[in-house]
Amino acid sequence: MTDFGVYTKPIAELFADAALPAMEDAGIENGDVDAFYFGNVLGGAILNETHLAPQVASHIGLPPGTSVQRYEDACATGSLALKHAVRAVETGEHDVVLVGGAERCTPAGTGIETSEMTRIFGSGAHRQYEQAPGMTTASVFALHTQRHMHEYGTTEEQLAEVAVKNHYHGSMNSRAQFGEEKTVEEVLESPVIASPFRLLDCCPFSDGASAVVVVGESAAESYGVEPVDVAGISHQANASPVADQPNPPSTEMVRRAARDTFDQAGFGPGDVDVTEVHDCFTGAEILALEALGLVEDGRAGPATVQGRTRLTGDIPVNPSGGLKSKGHPIGATGTAQIVELTEQLRGESGERQVEDSTRALAHNVGGMTATAVVTALEART
Amino acid sequence: MSNRPEQGQRAASDDESERLTHERWTRALEAGEPMGLSCGDCGYVTGTPKAACVRCGSRDVSTVSLPTSGTVYTKSTIEIAPGNQGRGYQIALIDLGDARMLGRIADGDHVEIDDTVELTGTYEYDGDIVGVFEAR
């Protein structure tokens, strides 16, 4: 994967910076790739570029005959592409699938001002019944989080601790867009975006790319590298608009996806050593910890303050710095989580290594809490 | 799908003039008489138009009148928004009887969770109409 930040280069060049090293890392030649699943969300709205898969495939030298396709499922795009790659090799349709994503959506890199970019990001909301009253991406998570605060007493200070923790982790990640540490006071003094979220409760606009290679279980050893198993992956949807979702802040689709993934993997939340969650906003990490079963409902705020989700805690969450610190180039986020967790399971994460990790979990949410993909990874012993 | 009245009573959704479309929902809201859909199979009530029940998939859904006053389930005040939406406005998920609807809170008003609110008008954004609510 690339460093996350601000880029002005073409999408295909940006993706090549992630894809070519990923193929080298996997011991895969271009001619080995049977299929290429590419995630990109806003190319049409921002860059006037759709149908990107053939263009990107051509740029990175995938020969004609490779099955190429673009995926879009809002912020869960990369994980959705991964799910299809896993299913394709499981069923034997393909032997080797390159999967990843790239996005250019920073105001700095595109020249689009923040309020217009906020409008474009809001396109994942229902036009008639969510965009019209003025709901934004931040405010849907804000609606869930306000209710969580009402029901469980979660506080703005607890939310701020999520940001502080993830910036601390990001300070050890050279790929992070905002890798400097923050304090609770700095978070609480930053301007309101959508209450209860302040600027420093929100992930940034980011550019970047990520890629992974998926191969069949039995072939994995033959490439001469250290493979990591996808032990389970589940993609679940929720109703749209959010008014029809059952019992916010339950994020019911995450609970279904987690149950399904753990069933496939044969282990449970208590067995997970390291987790990457979709912390697009601090409140989103709180909801995720509970919906995944890592913490009981209502306790994620106190668990964060107690340090349980830090690298040194009993449930380390977002060692990469998460979307909050590392950045969130939308279509690249899902597979970027897989890159981080693969390195963690291989013991390659340096200063931010979670020691003795053998089981990992990724949580990627898309749109207005309407899509979730949960993935379980396991080291080979 | 053809209408076959000789087969007896049809579900309301089979008759296009009875179906709750976005246009019909909008006109009703503008008249201050909000409408939703009730499912004849699972009983779920939605506050916005659908072609079938969002919970169970049944096509046995019928249009129902929703009350004009309700309770705030959750809310957010938005400071960073698309240019034409302004800033410093509040949105809220509002329980109107058995249905839940996302509404806009009237400019200058401020609501909290569990407050009682009333539909007092409509707001237009980019050609679409939504309900505006005020604390009572």
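In this text, all values refer to a predicted model and were calculated from it rather than measured experimentally. (Residues numbered from 1 in each chain as written. Chains lettered and ligands numbered in written order. Predicted model: local features only at pLDDT ≥ 70, side-chain atom pairs only at ≥ 80, totals over all residues.)

Participant: Kindly report on the interface of chain A and chain B, identifying the contributing residues and their values.
Facilitator: Between chain A and chain B, the contact holds 32 residues from the first and 30 residues from the second. Contributing elements (two or more residues each) for the side of chain A that touches chain B: α6 (114-121), α7 (127-131), α8 (137-152) and β4 (192-194) of chain A. The element that contributes the greatest number of residues to the side of chain A that touches chain B is α8(A), accounting for six residues. Its residues assigned to classes, the side of chain A that touches chain B comprises 15 nonpolar, 11 polar and six charged. (Contact = placed C-beta atoms within 7 Å. Helix = DSSP H or I, 4+ residues; strand = E, 2+ residues; numbered from the N terminus. Nonpolar A, V, L, I, M, F, W, Y, C, P; charged D, E, K, R; others polar.)

Participant: Can you tell me about the UniProt feature "domain: Thiolase N-terminal" (unreviewed entry) in chain A, naming the residues and giving the values?
Facilitator: When the UniProt feature table is mapped onto this chain numbering, "domain: Thiolase N-terminal" (unreviewed entry) sits at residues 9-217 of chain A. Secondary structure content for residues 9-217 of chain A is 46% helix and 16% strand, while the C-alpha to C-alpha distance between its ends is 36 Å. (UniProt positions renumbered as here; feature names shortened; annotations may be inferred.)

Participant: An account of the nonpolar core is needed here, citing residue identities and associated values.
Facilitator: Core analysis: the biggest nonpolar cluster contains 150 residues, and A:F15, A:F36, A:V97, A:V99, A:V254 and A:L289 have the highest contact counts within it. Two domains each provide a minimum of three residues to this core, namely domain 1 (5-65) and domain 2 (69-135) of chain B. Among residues more than four places away in sequence, those in contact with A:F36 are A:A53, A:A57, A:L62, A:T66, A:V68 and A:L98. (Core = buried A, V, L, I, M, F, W, Y, C linked by C-beta atoms within 7 Å. Buried ≥ 20, exposed ≤ 12 C-beta atoms within 10 Å, placed from the backbone. Domains from an automatic or database assignment.)

Participant: Describe the sheet that holds strand β1 (residues 35-39) of chain A, with residues and values.
Facilitator: Within a sheet, neighbouring strands are paired by backbone hydrogen bonds and run either parallel or antiparallel to one another. All names here are of chain A. Strands sit in the order β2-β1-β3-β6 across an open sheet of four strands; the sheet is mixed. With partners counted over all chains shown, the strands left at the sheet margins are β2 (67-71) and β6 (207-215), one partner each. For this sheet the average axis-to-axis angle between neighbouring strands, irrespective of direction, equals 15 degrees. With five bridges joining them, β1 and strand β3 (residues 96-104) adopt parallel strand pairing. Note that in β3 the partner of Y37 across the bridge is V99. Its contacts with the sheet place helix α15 (residues 330-346) against β1, β3 and β6, and it is angled at close to 130 degrees to β3. (Pairing = 2+ DSSP bridges. Axes fitted to C-alpha atoms, helices over the stretch in contact; angles between N-to-C directions.)

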